[in-house]
Structure formats: C-alpha cells, structure tokens
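Each chain, letter by letter, is given below.
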Amino acid sequence: MAYNLIDERWIPVERKSGKVEMIAPAEVADPEDPPLRIASPRPDFDGALLEFLIGLLQTAAAPATERAWEREFETPPTVQALKKRFDTVRSAFFLDGDGPRFMQEVTLTPSDSKLKQIGYLLVDRAGEDNIEDGPSLFTKPGDIPSLSYPAAAAALYLMQSRAPSGGGGGGGHFTSLRGGSALSGVIVGKQLWDTLWLNVLPSDVFGDAEASAGTKTFPWLGAIRSGNKKTGAPTPASAVTPAHSYWALPRRLLLADQNSTSRCAVYPEYEAKNWLSVRTATAGMRYEGLLHPLAAYTRKSESDPWLPFLTPEDGFSYRNWPVLVQSSIRSRPPRVVSHFASTRRVEMVETPRLTAFGYAMESMKPLRWCRAETPLILVAPTLAEKFAADAEALVAVSEEVRRAFTYRVKSAWSDRPDDLDVHKVLGRVNPVFWSRTETEFFAAVEGIKHGLETDDDALRVAVREKWLRALHQAALELFDTFVEITADLAAPDLRRAVLARRSLYQFTFPSSPKLRKLLGLPVEERSEGGSKPRARKPRKESNP
C-alpha cells in the first residue's frame with residue numbers, strides 16, 4: 001500500500017506527558033495528551049515540519065472568518081474532524097506509488113536526470129558534490145546511506161522550501177520561493193495546536209486557497225512548469241493560489257532505490273524499506289511576485305522590489321527583531337505577524353512569543369541553522385509609527401556600542417587590529433554582546449510601549465537613559481572578559497589594552513553626544529565663552 005503523509009504517523013512530537021512519539025498530522029489536535037512541540041533529531045527538520053503543518057492547516061482547514069478562527073483557537077476540532085478536512089487534499093500527499101508523489105516529479109527518467117545518494121536531499125550537505133571543495137563546521141563530509149519514509153518526507157519539504165541556488169546557468173537548480181537563507185517568523189503558543197493555529201489566516205484574508213487538490217496549489221499533480229530562463233518562464237503569483245507558497249517546487253526531484261536492510265541516518269529505529277537515492281534534474285519552477293506568509297521582507301527604497309529578509313551570517317539577534325514585528329517603508333514583517341497585531345488575537349494570547357529560524361548561508365553554502373525565540377511586543381496601530389522609530393533607535397545605538405566594543409577588543413589584541421580575521425573576531429565577540437544585552441533591550445522595548453500607551457514622554461526618556469547606562473556597563477564588563485589587563489603583560493600589550501579600555505569608556509559613556517543624538521535625548525553643550533553646559537532638548541514630536 002502506498003505511503004500517504006495524511007494517514008501515516010511520521011511527525012515526531014513531544015507530548016505534555018513528556019512522551020516522544022510519531023503522530024499523524026490530524027493528531028496535533030489530540031486533547032488527551034496534547035503535543036507540545038515538534039521533536040525531531042534535527043533542528044532544521046523541526047522548522048520544516050512546523051511549516052509543513054501550518055501550510056497543511058492553511059490549505060485544507062483554514063477558517064472562513066476571524067470569528068471562526070477564534071472559536072477553534074478556544075475549542076480545537078477533534079482529531080476525526082481535522083482528519084476529514086485533510087482528506088480533501090489526501091491525493092497530493094503520497095510519498096511513493098504509481099501516481100503523483102509529494103513534492104516530486106514522477107516523469108524523471110535515467111536519461112534526463114542524475115542519480116544522487118539520498119544525502120543530496122539534506123540542505124546542510126550542500127549538494128554532496130561540492131562538500132569536498134569547501135567543507136565547513138556545518139557542511140562536512142559524511143555518509144548518509146539511507147533515509148526512512150519520515151526522514152525523506154521531511155528532507156523533501158525542507159529542500160523544496162529552503163533550496164539554495166545550485167548553479168547550472170539559465171536552466172539550473174533554482175533557489176526556493178524565499179531563497180535558501182530566508183528567515184521565518186512563527187508565533188508561538190503554549191501547545192503545538194496553539195502554535196500552528198496562531199499562524200493560520202482566515203480565508204477571507206489569505207485568499208481563496210482552493211483546498212481541493214489542484215495543480216494551482218500542488219504543482220506535482222500535473223505537468224510542472226519549467227522555469228528555464230531560456231526556454232521556460234517564471235510562475236507569477238496570478239497563476240497559482242496563495243497556498244501554493246507552502247508547496248512551491250523549485251527543484252525537480254524523485255526518490256529512488258530502496259533497501260530492506262539499511263538503517264535510517266536520522267531515525268535509526270527505521271531499518272526497513274528505506275530510500276537510498278534521489279533523481280534530480282535542472283529547471284524546476286521559478287517564481288515571480290509570490291510572497292510567503294511566514295517570511296519578512298525588506299527593500300532599500302519605495303521603488304525597489306520586496307526581497308526576503310535573510311538569516312544573518314552571525315545569527316539572529318535582537319538587532320533583527322524590528323524587521324519581524326514592525327512595518328515601515330523599508331520593511332514588512334511576516335504576514336501572520338501583521339494579522340496577529342491587527343486582530344483580537346493579541347488579547348487572546350497572554351504572553352505572545354515569536355520564534356525565528358532559518359539557515360545562515362555564505363555563497364549558498366549553509367553556515368549554521370539558526371533559531372531564536374523572543375517576546376512579541378506589539379502596540380495599537382495608532383502608536384505603531386512612534387513605537388517602530390523608538391525600537392529602531394534602541395537598536396541603532398546598540399549597534400554603535402557593539403562596533404566600538406568590537407574594535408576596542410581588536411585594538412587591545414593587536415597593534416594592527418585591521419589585519420585580524422574579521423569573521424573569527426566577530427564570531428566570538430558579537431554573540432556574547434547580544435546575549436549580554438538582550439534582557440535589557442526587551443525591557444527597554446516594554447518600557448517604550450508603556451510610555452506610548454500612557455502618553456508619558458518622561459518615561460520614554462527615562463527608558464532610553466537606562467538603555468544607555470546598560471550598554472555602557474555591558475561593554476566594559478565584556479571588554480574585561482575578553483581582554484585581561486594585568487601587570488604580567490608586556491609593556492606594549494599593557495599600554496594597548498589600557499588605552500583601548502579608556503577609549504571604550506569614553507565613547508560609550510551615557511553623556512556621549514553621538515549616542516544621545518541617536519536616541520533623541522538632550523545633549524550637553526557649552527554655551528559661548530565656555531560657560532556652564534546647557535542641555536539641548538530634542539525636537540518636540542508632532543501629534544499623530
């Protein structure tokens with residue numbers, strides 16, 4: 001019997017009882033021992049499976065209206081009722097068999113495709129072919145002899161949703177709809193059902209998803225449109241349903257060759273009928289104008305196109321947080337976040353949180369899988385512009401202090417700081433700085449929010465002053481961690497370290513004019529004739 005992803009128990013979860021086991025998709029609504037989170041052996045699989053389930057709910061079980069969404073958030077459907085909805089798209093989810101296969105092109109033949117070891121499907125393998133050319137900490141050689149059905153399904157979805165560019169010219173291996181290193185933003189609830197449902201939009205907002213299993217939603221059910229840049233054409237948003245964004249097909253793939261005795265490289269308990277190979281060919285689907293609801297987008301100016309916000313090479317930190325939660329001329333948060341902020345969902349979730357995840361890549365090779373969870377702090381739409389400006393100012397001054405701190409550390413380490421390996425230095429110093437100041441940052445954001453909601457400008461000023469003091473203290477403490485100043489140091493080394501710390505102290509002192517201007521705080525100035533300093537007040541804000 002063919003393996004169907006709607007019917008089978010293939011998604012690993014941790015239940016409320018602490019038990020970890022495989023469930024079928026509809027069992028996310030199990031009330032007896034509710035699943036709390038995805039619990040696969042690989043963090044990138046966790047992200048892929050989370051997006052798979054959100055996409056499945058959005059496609060086959062989306063509520064018609066926000067009011068209907070609220071009812072099912074408070075009282076989830078039964079497992080049986082949810083399975084009945086999923087059955088409407090069941091024909092699109094066969095992983096094997098003679099008919100259409102999930103996220104595969106069944107027409108691939110030995111003459112028009114290449115046969116690869118099954119490890120080719122794992123994004124962190126960087127395509128098996130070029131690992132030897134440039135292995136990194138994350139992409140390194142290693143045998144992946146076989147993948148079980150659960151692992152192969154997760155790997156297929158992960159590859160199609162996060163495929164990096166694979167080269168090959170105009171008819172090459174195309175990148176995914178969002179690009180290989182796009183950062184996802186997902187709202188997090190207390191249980192898995194809450195998390196999934198919080199990221200589902202009602203049909204009257206998302207658009208007609210055409211839940212019946214059609215080619216506009218699931219392209220592998222029919223002839224796949226070639227995106228070859230010479231002989232094919234891109235697929236515009238008008239040619240597909242909104243739900244297609246969850247089921248995009250940039251890569252031409254087909255699982256091949258099985259073995260009844262091999263052990264799965266991801267789930268070792270699976271030893272029967274595992275997949276050994278995958279066929280691949282160039283010129284899959286190439287997209288134009290289709291946006292993903294879990295992706296944030298940025299642009300340089302109003303005349304430029306929106307581009308997916310990419311996972312930073314040095315990882316996600318609070319400096320990237322505004323992009324995921326605030327709209328501006330140059331940034332657009334994930335659609336699910338914008339909708340959450342504009343509805344009663346904000347009131348229904350006591351302490352909303354946001355998880356961000358994705359591959360950090362360099363030259364289309366994965367550096368690391370990044371995941372972070374942060375508070376989701378939002379304000380009323382009427383306050384959004386001021387809130388965004390204040391939050392961006394907090395980040396801007398933090399970046400000034402971080403750069404000053406990093407350079408002073410380099411100056412203490414070497415009399416030729418610019419010659420030091422930038423990636424190695426930043427890789428050590430930056431994460432520590434962001435981690436050390438993260439709690440104070442979100443406390444400052446909460447303070448700004450409270451000041452705006454109570455129309456208390458004095459509170460907003462006090463919050464910004466406190467943020468300056470926190471950055472000053474953190475920079476000095478961290479400098480002392482990275483640079484040891486003792487009498488045992490040679491005279492030149494000691495002099496460098498002392499001068500670097502003194503410079504850092506002066507630059508980050510809370511009265512620093514540059515830092516205060518970034519935050520819109522009064523700056524002390526000397527009046528003519530060198531008399532006593534006077535405070536220059538920031539320009540008064542106009543009423544919205």
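To start, this report covers the structure provided alongside it. (Residues numbered from 1 in each chain as written. Predicted model: local features only at pLDDT ≥ 70, side-chain atom pairs only at ≥ 80, totals over all residues. Heavy atoms only, no water.)

1. Description of the overall build of the protein
Reasoning step 1: For the protein, the helix and strand inventory stands at 14 helices and 16 strands.
Reasoning step 2: Burial statistics for the protein: of 544 residues in total, 53% are counted as buried.
Reasoning step 3: Residue pairs in contact within the protein that sit at least 24 positions apart in sequence constitute 72% of those at least 6 positions apart.
Reasoning step 4: Roughly 24,800 Å² of accessible area belongs to the protein as shown, and the carbon and sulfur atoms make up 51% of that amount. (Helix = DSSP H or I, 4+ residues; strand = E, 2+ residues; numbered from the N terminus. Buried < 20%, exposed > 50% of the residue type's maximum accessible area, 1.4 Å probe, protein only. Contact = heavy atoms within 4.5 Å. Areas by Shrake-Rupley, 256 points an atom, 1.4 Å probe, with all protein chains shown as cover.)

2. Overview of unusual backbone geometry
Reasoning step 1: Phi at D257 takes a positive value of approximately 60°, unusual for a residue other than glycine.
Reasoning step 2: Positive phi is not limited to glycine here, since D455 has a value of about 55°.
Reasoning step 3: Here D455 lies in the loop between α11 (422-453) and α12 (457-482).

3. Some details on the sheet that holds strand β2 (residues 20-23)
What holds strands together in a sheet is hydrogen bonding between their backbones, with the strands either parallel or antiparallel.
Reasoning step 1: Spatially, 3 strands are ordered β2-β1-β3 in an open sheet, and the strand pairing comes out antiparallel. With partners counted over all chains shown, the strands left at the sheet margins are β2 and β3 (35-38), one partner each. Going across the sheet, the axis of each strand differs from the next one's by a mean of 45°, ignoring polarity.
Reasoning step 2: Where strand β1 (residues 11-15) lies against β2, 4 bridges are found, and the strand directions are antiparallel. Of the residues in β2, the one forming a bridge with E14 is V20. (Pairing = 2+ DSSP bridges. Axes fitted to C-alpha atoms, helices over the stretch in contact; angles between N-to-C directions.)

4. Some details on the side chain of R345
Reasoning step 1: Looking at where R345 falls in the secondary structure, it is placed in helix α9 (residues 345-348).
Reasoning step 2: One polar contact links R345 to E66, side chain to side chain, over a distance of 2.7 Å. (Polar contact = N/O pair within 3.5 Å; in protein donor to acceptor, adjacent residues only side chain to side chain.)

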